[in-house]
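Listed here are the chains, written in short residue letters.
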Amino acid sequence: APAKGAAQDRVNVLPAILGQAGEKPVRNQPLLQQALGGGDVFAVREAEWKLVVKAGKATERYHLGRDLKETQNELAKETATVARLLEVYCRFQIP
């Protein structure tokens, strides 16, 4: 078990790969990813949503359930989702 206050750093995704995940999501918490090579580009993933943040500003949002190739930027739609994901990004940032 992780130390008190520490984040879980792994999730068993084998059931999802084998098609045995069912209706339950593989991950029940948001995930923050930094772009390969570091820098100031991050992605916040929550359920089927992905928010891309560059230099602290939301720049792209995708619904991966409908758009796995990330071709339809939905940043301007449903701003409440953008605000919630941006809040997650801010919460994860280390000063």
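Please read all numbers here as calculations on a predicted model, not as lab measurements.

Caption draft 1: Expanded view of unusual backbone geometry. Backbone geometry at A47 places phi at a positive 55°, although glycine is not the residue there. For A47, the location among the structural elements is in the loop between β2 (41–46) and β3 (49–54). The phi dihedral of A55 is positive, around 50°, even though this residue is not glycine. Tracing the backbone through its elements, the reader meets A55 in the loop between β3 and β4 (57–63).

Caption draft 2: Geometry of the nonpolar core. Among the nonpolar cores identified, the biggest contains 9 residues, and these are F42, V44, W49, L51, V53, V82, L85, V88 and Y89. Breaking this core down by element, the ones donating at least two residues are β2, β3 and α2 (79–92). It is α2 that contributes the most residues to this core, 4 residues altogether. Contacts of L51, omitting those with residues within four sequence positions, involve F42, A43, V44, A58, E60, R61, L75, V82, L85 and L86.

Caption draft 3: Seen up close, the pairing of strand β1 (residues 31–34). Pairing between β1 and β2: 4 bridges, direction antiparallel. Within β2, the position partnered with L31 by the bridge is R45. Between β1 and β2, which pair antiparallel and follow one another directly, the connecting turn spans 6 residues, one of which, G37, has a positive phi of 90°.

Caption draft 4: A look at the sheet that holds β4. Pairing is antiparallel in the open sheet, where 4 strands are placed in the order β1-β2-β3-β4. Either end of the sheet is taken by a strand with one partner, and the two such strands are β1 and β4. Averaged over neighbouring strand pairs, the angle between their axes works out to 20° when direction is ignored. Bridge count between β3 and β4: 6 bridges; the pairing is antiparallel. Across the sheet, K50 pairs through a bridge with Y62, a residue of β4. Against the sheet, α2 touches β1, β2, β3 and β4, its axis set at about 60° to β3.

Caption draft 5: Representation of the environment of L51 within the structure. Structurally, L51 can be placed in strand β3. In sequence terms L51 and Y62 are 11 residues apart; their C-alpha atoms lie 6.6 Å from each other.

Caption draft 6: Fine view of the environment of E74. On the secondary structure map, E74 appears in the loop between β4 and α2. A relative accessible area of 7% means that E74 is categorised as buried. Sequence-wise, E74 and Y62 are 12 residues apart; in three dimensions their C-alpha atoms are separated by 5.8 Å.

What counts and what doesn't
- Residues numbered from 1 in each chain as written.
- Predicted model: local features only at pLDDT ≥ 70, side-chain atom pairs only at ≥ 80, totals over all residues.
- Heavy atoms only, no water.
- Helix = DSSP H or I, 4+ residues; strand = E, 2+ residues; numbered from the N terminus.
- Core = buried A, V, L, I, M, F, W, Y, C linked by side-chain atoms within 4.5 Å.
- Buried < 20%, exposed > 50% of the residue type's maximum accessible area, 1.4 Å probe, protein only.
- Contact = heavy atoms within 4.5 Å.
- Pairing = 2+ DSSP bridges.
- Axes fitted to C-alpha atoms, helices over the stretch in contact; angles between N-to-C directions.

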